[in-house]
Amino acid sequence: MTNSESNRLKDKAFQVFGIFCTFIGLVVLAIFLFNILKEGLTRIDWDFIMNLPSRRARRTGILTAWAGTLWILVLTAIIAFPLGVGAGIYLEEYARKTRLANFLEINIANLAGVPSIIYGLLGLEIFVRQMHMGGSLLAGACTLSLLILPIIIVTTREAIKAVPRSIRDGSFALGASKWQTIWNQVLPASFGGILTGIILSLSRAVGEAAPLIVIGALAYVPFTPASPLDEFTVLPIQIFNWTSRPQAGFQTNAAAAIIVLLLITFLLNGLAVYLRNRQQKKIKW
Amino acid sequence: MRVSEKIIEGLLWLSAVITILITIGIVWVLLSESVSFFREVSIVEFLTDRQWTPLFAVKKFGIMPLVAGTFLTTAIAIAVALPIGLTIAIYLNEYAHARLKQTVKPLLEILATIPTVVYGFFALTVVTPFLQSFIPKLAGFNALSAGMVMGIMIIPMISSLSEDAISAVPKSLREAAYGMGSTRLQTAFGVMVPAASSGIMVSVILAISRAVGETMIVAIAAGQQPRLTLNPLVPIETITTYIVQVSLGDVPHGSLEYKTIFAAGITLFIFTFALNNISFWIKKKYQEKYD
Amino acid sequence: GDNRNGEGGSDMSGSIQIDGSSTVYPITEAVAEEYRLEAPDVRVTVGVSGTGGGMQKFTRGDIDIADASRAMSPAEDNMARENGISYVQLPVAYDGLTVVVNPENDWVKDITLAELKKIWEPAAQGKIKKWNQIRPEWPDKEIHLYGPGVESGTYDYFTEAVVGKSHSSRGDYTASEDDNVLVQGVSTDPLALGFFGFAYYEENMNKLKPVPVDDQNDSNGKGAILPSQETVKDGSYAPLSRPLFIYVNSKAAQRPEVVDFVNFYLENAPALSEEVGYIPLPAEKYKEQQQKFDAFVKSDEPDSTTAKQE
Amino acid sequence: MSKKNYKLQARDLNAYYGNFHALKGINIGMEEKAVTAFIGPSGCGKSTFLRTFNRMNDFIDGFRTEGDILLDGKDIYDKNIRVDELRKEVGMVFQKPNPFPKSIFENVVYGLKIQGIKNKAVLEETAEKSLRQAALWEEVKDNLNKSALALSGGQQQRLCIARALAISPSVLLMDEPASALDPISSAKIEELIYELKHEYTIVIVTHNMQQAGRVSDYTAFFYIGELVEFSKTRTLFTSPSDTRTQNYITGRFG
Amino acid sequence: MSKKNYKLQARDLNAYYGNFHALKGINIGMEEKAVTAFIGPSGCGKSTFLRTFNRMNDFIDGFRTEGDILLDGKDIYDKNIRVDELRKEVGMVFQKPNPFPKSIFENVVYGLKIQGIKNKAVLEETAEKSLRQAALWEEVKDNLNKSALALSGGQQQRLCIARALAISPSVLLMDEPASALDPISSAKIEELIYELKHEYTIVIVTHNMQQAGRVSDYTAFFYIGELVEFSKTRTLFTSPSDTRTQNYITGRFG
Ligand SMILES: Nc1ncnc2c1ncn2[C@@H]1O[C@H](COP(=O)(O)OP(=O)(O)OP(=O)(O)O)[C@@H](O)[C@H]1O
Ligand SMILES: Nc1ncnc2c1ncn2[C@@H]1O[C@H](COP(=O)(O)OP(=O)(O)OP(=O)(O)O)[C@@H](O)[C@H]1O
Ligand SMILES: [Mg+2]
Ligand SMILES: [Mg+2]
């Protein structure tokens, strides 16, 4: 009896600890948001959203920055999504346990650990120099795609792995080819997990400044990009730039820009969470 | 039909093989510069010298201080993120109501989306002064608060991905555990966590990678003093900080000083390579399969 | 000075690409912003890859103008020659390096250049640890040093001016690439001594205490001198003020919009650099630069490959 | 209702999955140290009912009950009841084998270990005893450290039975425990049930009417959420009072 | 070996899971439009053997075969054989129900859809026919768009049977298809098997010897990877030639 009481006590204790941990995360988040909102919210108005950059803290705006961020987001998703999911499918469904498959697996795990700044150096050499893309949106999106590719691959694989073998058996036994099984059964069933991975990786891409600075994203761009070959700036660079300016007004601007950046990621995450929950409701093994 | 199957497989193969090209690209970019670095600086000096002062008049090229700094901040971050993140994952899975889980999980994921520049300033202007109020010896720039804030940033990587992994464990296992009279804690640690270990491992690998590669937080809050120490209370410098510092700074490109970042970069690359192989091996060994 | 009427007065078009030092960036940004009112169809973009990154792009011919917080290095000049690029260097403003302590520090009233050298020279590492080692009447307390990262032009210039040899200093000080971080450090540490750009001091006057520096050379002002617009401009705050530059590519200088922009830059630099926290050159210096640039544009043939420097 | 002291009892039990009414006004009392079989067509609620006795349905979102379930006269849905204690008292074997991804030995001693028993001799002894009871000992005794997942389906299910027996519950719930077993193992389980009922109260869901006839003292026939008939097994199979029961046991059912 | 034209045939078949020898020198021939039952104790290799006929074991790492499996006289392990075509010809129903996480309707027409059939009328007609054959139509006809995962275990299994029937294979492999079904549904499946054998060749693994006796024309008895006896069902059950068979069918087995 003492034993089961102590078990129960441990159980309760862990519950309290669990609440505490969850709470800590949320409290830190709240402090963050409060700090940023307190500093930046007053600065956000239509002019701030729609103005071109300016040296005057009060008059500057983030039009080109958020437009660039959206461009980068979309282009990166377009490039990285098929590549990442494709590689994930290949490794999980096709690759036999060969040396190549093993090597690919280790290689991808390693790529996930390569710091973003090194991807910046890579992008500078490959896309900007060799492929002559210059400091364009396309070069930036390609660089960020490489950066998030390993994350997408790894999470895609995990999601695919969670689909029970019996579902594949069922499909194969009905004469479905490998690809039909993947397309009709495995992907729909693992879509929620894949989506989570892509969200996490895209939200990383959205906040990334260092590699874009290296490949030549700019700080002052007085026009919104009109094609993937245009030059651009993005919100994190604008923020990074502003936080290092001496005038207090720019610190406020940075906070305001952070609010906008967070808003973009929240919208993204919200959409994905909605999709994921809908998915999870549909599928219960 | 058979042809289209082959084509699809070929395309998928291609997207997998691109990752090898990326690695080749990285190694090529890093190697081509660091080879000429190592022509001027011996590898022995690079590995054994206890000082890193390539930008000073008296130049020393010992990578160890940067490695120590990287290790220290990463260890602190993981020490914060792993227990908290895993606890959250288990709590959400075994204890919390479905609706709470659905709200909390995405809220926590926000932590991973906040730009790291912001975290850096948070560490410097909020966490460090707070810690200084009960650790008077704590320097204004230090590994401790940078590492802790980095840990907070990577909590959602561990909590979300581990939670996904635990959710994916077949329901029947949980039922079996409860059917034996397990408490929730026993179910979690005796059955669910071991069963989800490969997924949890993956989340931790990703978190470590993120911590090792993280730049802005440490650059802002940990100081930029390469120093061979594991004392979390003093300023240190990580490999990434050094790379970003030099590549954004005023050092002429092509100079020996500039090449140091490639030498540092390749060190970092080897470092993560070793790390990943260890966790890879662990994962392989303990992975379980279900139907 | 915003003294123009917002109408675009030019029908120029085209694009101008600028990159380089983050220190020079605010001035160039201000100029580009004003220039937009002048010539709305010219697309001017400004990046901040650092002087090194900017120079690399400039010497490869990737950009038209480079912002630089130091003069071009011989290696970079070689690179430019190899790539057939000739250029002109134009100083556009001064930055004053300000030595600061925490406002709670009531013992430091001034400091000499020799004392600064004693603190910062490489030999001081691990030895000069207390304030009273510098001046006996100062307290027996630790001294905590703050300064810009060793890769920055600011550090480069400071060591040159104080220690006498660039990149030669002790290494056990707290460094940061971001001057705001240094402001934060010094303003919360009563035992701190640091240095950084004048603009950062100017914006944080209430949190910092500037230290007058005595270079013990009476030819340029007697005694310890505080940095200010005047003392920097008239040269009395020597040697801790440094020039900031732009470099213009000769091929780009064949394009009318680039010529127009650079002229506009030199015309407006006095007002705009002051506005963003730097110190303008004396008026006649700007004239000189203007003439130099005119000559450069005229003399330089499209196929010329000779680098032009002061 | 009679005042008899039942081991397990349901009073006016209704159960719902969201809006779906899965169990409708069930009244039943099960005697101590007897075997009660639940029979009825697929989807009639046998599993649902069985799982209310150890509150395994607690995990299903939207599931709720009305009425009482009593174990030794105490309401198990009472606030003061500890679910983990309840489940140690009321063991369960599931329809699909669900071994833990651990070794065979670890599976069997899991229940003891979570109770804090660490003595190796005790664990080994219990493991052997339970595995013998589940007719699995001979097949696995040399491979106790092998992963349980490498066993065949039938072996896995017997392992799950051994695992449940290891914590010596007083009630044993079995949801078609033999449906994945071959007749020989199945017969052994039946024998085992026969032996165990001297000590335990057993409730078994089965589709195999011969099995119900062989092992159970009482049989309950369910039909679309209702308890149609509950009586001595012999009575139910020889002279059912309800025509639906009659139709079902003679296989004449639509 | 006789020169008879068997529908399915195994010649000197050995199968291995890595080093484990799961099937040992099996020789068997199954006639067209007959029902063959595989019986034997748990772990004897029935499922393994069944799954070689549609090459479902291909997915298991380390699994390999020696010898031939012939369908209509053609080696199905031949290089030119297309596995997906083979599986359209050889349908399969599994031990555990494995409906797709889709609607009931989508489950049934899945096999047709992947063959490119899009005509709605055809799909609906086939769905109804197959669901009727699997004795599920009445229960689900109003809920064809409901998720298949919301069905009970028995209903799920019947859905899987319907799904397999929808693509009209010529051979139907069933791995204990009825072990999760109640006797009534089970009896319907038996009836169905009886009807289907006029058109299809059926191989069924079962633990229920009565079932084997009722539905099959031929019965094969396996024991630890060996095919001990194969003959007409009546012969095997009434006068088995091997003592092991004898012991097994009389339940005297250890
Ligand atoms: N989690 C659930 N959510 C909604 N409905 C459910 C759930 N589980 C079962 N049901 C429904 O409740 C009814 C009873 O299910 P239950 O599993 O108790 O039947 P059963 O008698 O055990 O059937 P079987 O013999 O097939 O196992 C069925 O109609 C089923 O569809
Ligand atoms: N994937 C696998 N890897 C290794 N061994 C396996 C695998 N699948 C089955 N086996 C082994 O092969 C043997 C035959 O297994 P199989 O599933 O064919 O038996 P079965 O006759 O169908 O048993 P049951 O009646 O329990 O379903 C068993 O000893 C089993 O342990
Ligand atoms: Mg049931
Ligand atoms: Mg089997």
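Everything numeric here is computed off the predicted structure, so don't read it as measured data.

Trainee: How do you make sense of the site of ligand 1 when you look at a structure like this?
Mentor: Among the 17 residues in the neighbourhood of ligand 1, the closest are listed as S42(D), G43(D), K46(D), S47(D) and T48(D). A distance of 2.5 Å separates an oxygen atom of ligand 1 from a polar atom in the side chain of S47(D). Take T48(D): an N or O atom from its side chain is 2.5 Å from an oxygen atom of ligand 1. Against a free-state accessible area of 630 Å², the protein chains account for coverage of 78% of ligand 1. Residue assignment for the shell around ligand 1 shows that the elements contributing at least two residues are α1 (46–52) of chain D together with α6 (153–166) of chain E.

Trainee: Explain the interface of chain A and chain B to me, please; I cannot follow it from the model alone.
Mentor: Each partner contributes to the interface: chain A provides 82 residues, whereas chain B provides 79 residues. When chain A packs against chain B, close to 7,600 Å² is buried across both sides, 75% of that on carbon and sulfur atoms. Summed over the shared surface of chain A and chain B, the number is 1 salt bridge. Ionic pairing is found between R184(B) and D11(A), a salt bridge with its closest N-O pair at 3.2 Å. The interface formed by chain A and chain B holds 10 residue pairs in polar contact (both at pLDDT 80 or more) in total. With 19 residues, helix α1 (residues 2–40) of chain A is the largest single contributor of residues to the side of chain A that touches chain B. Looking at side-chain class alone, the side of chain A that touches chain B contains 48 nonpolar, 23 polar and 11 charged residues.

Trainee: What should I look at first to understand the interface of chain A and chain E in this one?
Mentor: With 23 residues of chain A at the contact, the number on the chain E side is 26 residues. When chain A packs against chain E, the two sides together hide about 1,900 Å² of surface, and 59% of this comes from carbon and sulfur. It is A173(A), L174(A) and Q185(A) that lose the most area in chain A upon contact with chain E, and together they represent 32% of the buried surface on that side. In this assembly, chain A and chain E are joined by 1 salt bridge. A salt bridge links D169(A) to R51(E), with the shortest nitrogen-to-oxygen separation between them at 3.8 Å. Connecting chain A to chain E are 4 residue pairs in polar contact (both at pLDDT 80 or more). Of all the elements in the fold, those that place two or more residues in the side of chain A that touches chain E are α7 (165–173) and α8 (178–207) of chain A. Taken together, the residues of the side of chain A that touches chain E sort by class into 8 nonpolar, 9 polar and 6 charged.

Trainee: What exactly am I supposed to notice about helix α6 (residues 137–161) of chain A here?
Mentor: The periodicity of an α-helix, 3.6 residues per turn, causes residues three or four places apart in sequence to face the same way. Residues and elements named next belong to chain A. Between the first and last C-alpha of α6 there are 35 Å, a value that for 25 residues agrees with the 36 Å anticipated at 1.5 Å per step. Where α6 bends most, the angle comes to about 40°, and this point is I148, followed within four residues by the proline P150. The buried count for α6 comes to 22 of 25 residues, which makes it a mostly enclosed element.

Trainee: What should I look at first to understand the nonpolar core in this one?
Mentor: Nonpolar side chains in soluble globular proteins tend to end up buried together. In terms of nonpolar packing, the biggest core is built from 376 residues, with I26(B), W120(C), W131(C), L240(C) and F261(C) touching the most fellow members. Among the elements that take part in this core, helix α3 (residues 64–95) of chain B stands out by supplying 15 residues, more than any other. Both domain 1 (3–40) and domain 2 (48–282) of chain A contribute no fewer than three residues apiece to this core. Setting aside residues up to four positions removed in sequence, I26(B) forms contacts with L111(A), V114(A), I118(A), Y119(A), L122(A) and F269(B). Ranked by size, the runner-up nonpolar core spans 31 residues in total, among them A15(E), M30(E), V203(E) and A220(E).

Calculation rules
- Residues numbered from 1 in each chain as written.
- Chains lettered and ligands numbered in written order.
- Predicted model: local features only at pLDDT ≥ 70, side-chain atom pairs only at ≥ 80, totals over all residues.
- Heavy atoms only, no water.
- Near = heavy atom within 4 Å.
- Polar contact = N/O pair within 3.5 Å; in protein donor to acceptor, adjacent residues only side chain to side chain.
- Areas by Shrake-Rupley, 256 points an atom, 1.4 Å probe, with all protein chains shown as cover.
- Helix = DSSP H or I, 4+ residues; strand = E, 2+ residues; numbered from the N terminus.
- Contact = heavy atoms within 4.5 Å.
- Buried area = accessible area lost by both parts, 1.4 Å probe.
- Salt bridge = Lys/Arg side-chain N within 4 Å of Asp/Glu carboxyl O.
- Nonpolar A, V, L, I, M, F, W, Y, C, P; charged D, E, K, R; others polar.
- Expected span 1.5 Å × (residues − 1).
- Bend = angle between axes of the 7 residues up to and from the residue.
- Buried < 20%, exposed > 50% of the residue type's maximum accessible area, 1.4 Å probe, protein only.
- Core = buried A, V, L, I, M, F, W, Y, C linked by side-chain atoms within 4.5 Å.
- Domains from an automatic or database assignment.

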